[in-house]
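Read off the chains here:
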Amino acid sequence: MAKLAFIGLGVMGYPMAGHLARAGHSVTVYNRTASKAEDWIDEYSEQTDAELFAAPTPAGAAADADIVFACVGADRDVESICIGDNGVFDAMQQDTVFVDHTTASADCARTMAAAAEKRGVGFVDAPVSGGEAGAVNGALTVMCGGGQGHFDKAADIMTAYGKSVRLLGDAGAGQLAKMVNQICIAGVVQGLAEALHFAMEAGLDAKAVVDVISKGAAQSWQMENRASTMIDGEFDFGFAVNWMRKDLGIVLDEASRMQVSLPLTALVDQFYTDVQKMGGSRNDTSSLIRRFRG
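This next bit is on helix H11 (residues 241–258). For H11, spanning 18 residues, the distance from its first C-alpha to its last is 25 Å, which sits close to the expected 26 Å at 1.5 Å a residue. By the burial criterion, the buried members of H11 are Val241, Met244, Asp247, Leu248, Ile250, Val251, Glu254 and Ala255. Buried residues along H11 sit in contact with helix H5 (106–118), helix H8 (173–201) and helix H12 (263–277). Downstream of H11 by a residue or two, Gln259 has a phi angle that is positive, lying close to 60°.

Structure representation (structure tokens):
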């Protein structure tokens, strides 16, 4: 079993680190709110005989780890835990690997990869898709960028919470793939919101319609998992509008840099702004239908 560190015990990181512990690895965790780390140890020490520790700083968590995993908020948080005061890069041993599950910019990934290389540390950007349910159930999709050797050191361990773990290119490729993922989700959710609104306005039994069309070409994960709750006006299922707007901002910034037009993505980003103004910042992403239904 490996000696691991996990930094960031939020909605995603908390259960992801838990899967590593249940797999039998020694895990040292760090969280900005220290009580969350203590809660994590209390919970998972009852589920495994593995050694579990909490560290007071990112560097403290990383000092003896073979692989350091992180899942934090945004670029600035990644930079802080990697190269800031008490950052992990200065504490990690040569030839160990840092795996970043944060959804951040590709530029951040490339910059941190270069900083890691100067210290003899490997770097893999590895954003995930699957939401809170995927993290809890150990069924995430993990999109990776980095060197093959660094990826190989971490890939098998990531299967503790990843149903699909794949290297897609050099540093930054994982983040670019996550952008593709978010573009697809934004378009599908908006299309589903419009379709359900149309069905209800037409006087149809929207759930019956969904049951029929989900057997054909209109089927999607969003339809299977969110159509019924969208119809019922229930939007408490994990990935929040605020986070989706953060992700779409990253997408649109990257598209601007590449001089790639993404008109639908830009439009849906504005629709999510409308949901925020309606008080839906913490609603899950399926709440786009609120623009039609209130």
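A few words now on the nonpolar core. Counting 36 residues, the largest nonpolar core has Phe6, Trp40, Phe69, Val99 and Met158 as the members making the most contacts within it. Sorting the residues of this core by element identifies strand S1 (3–7), helix H1 (13–22), strand S2 (26–30), helix H2 (34–44), strand S4 (67–70), strand S5 (97–100), strand S8 (140–146) and helix H7 (148–158) as the ones contributing at least two each. Among all residues touching Val99, those that are not within four sequence positions of it are Ile67, Val68, Phe69, Ala70, Val124, Ala126, Ala154 and Met158.

Even without being a glycine, Asp95 presents a positive backbone phi close to 70°. Positionally, Asp95 belongs in the loop between helix H4 (75–83) and S5. A residue is classified by how much of its surface remains accessible, and Asp95, at 56% relative accessible area, is exposed. The phi angle at Gln259 is positive, at roughly 60°, despite the residue not being glycine. For Gln259, a relative accessible area of 75% puts it in the exposed group.

Across all of its chains, the model carries six aromatic pairs by this definition. Ring geometry for Trp40 against Tyr44: centres 5.2 Å apart, planes inclined by 40°, an arrangement best described as tilted. Of the two residues, Trp40 and Tyr44 are both situated in helix H2; the distance of four residues between them amounts to about one turn of the helix. Relative accessible area serves as the criterion here: at 0%, Trp40 is assigned to the buried category. Under the relative-accessibility criterion, Tyr44 is labelled buried at 4%. Ring plane angle 20° and centroid distance 5.7 Å describe the contact between Phe98 and Phe123, whose orientation is recorded as stacked. One end of the pair, Phe98, is in strand S5; the other, Phe123, is in strand S6 (residues 122–125), and 25 residues separate them in sequence. Of the two residues, Phe98 and Phe123, neither departs from the other in class, the shared state being buried. Members of the aromatic cluster, joined through ring pairs, are Phe6, Phe69 and Tyr161. The ring of Phe271 is capped by Arg291, whose NZ or CZ atom sits 3.7 Å from the centre of that ring. Lying over the aromatic face of Phe292, Arg291 brings its terminal NZ or CZ to 5.6 Å of the ring centre.

Our focus in this paragraph is a negative patch on the surface. Taken together, the side chains of Glu38, Asp39, Asp42, Glu43 and Glu46 define an acidic patch exposed on the protein surface. With respect to the helices and strands, the residue Asp42 is situated in helix H2.

This next bit is on the environment of Gly174. Within the element layout of this structure, Gly174 appears in helix H8. In this structure, the C-alpha to C-alpha distance between Gly174 and Glu224, residues 50 residues apart in sequence, is 26 Å. In contact with Gly174, not counting residues within four places along its chain, are Asp125, Pro127, Met143, Cys144 and Gly145.

Parameters and conventions
- Residues numbered from 1 in each chain as written.
- Predicted model: local features only at pLDDT ≥ 70, side-chain atom pairs only at ≥ 80, totals over all residues.
- Heavy atoms only, no water.
- Helix = DSSP H or I, 4+ residues; strand = E, 2+ residues; numbered from the N terminus.
- Expected span 1.5 Å × (residues − 1).
- Buried < 20%, exposed > 50% of the residue type's maximum accessible area, 1.4 Å probe, protein only.
- Contact = heavy atoms within 4.5 Å.
- Core = buried A, V, L, I, M, F, W, Y, C linked by side-chain atoms within 4.5 Å.
- Phe/Tyr/Trp six-rings, centres within 6.5 Å; stacked < 30°, edge-to-face > 60°.
- Lys NZ or Arg CZ within 6 Å of the ring centre and 35° of its normal.
- Patch = residues over 30% accessible without salt bridge, like charges linked within 9 Å, V, L, I, M, F, W, Y side chains within 5 Å.
- Areas by Shrake-Rupley, 256 points an atom, 1.4 Å probe, with all protein chains shown as cover.
- Salt bridge = Lys/Arg side-chain N within 4 Å of Asp/Glu carboxyl O.
- Lys, Arg positive; Asp, Glu negative; His and termini not counted.
- Charge placed at Lys NZ, Arg CZ, Asp CG, Glu CD.

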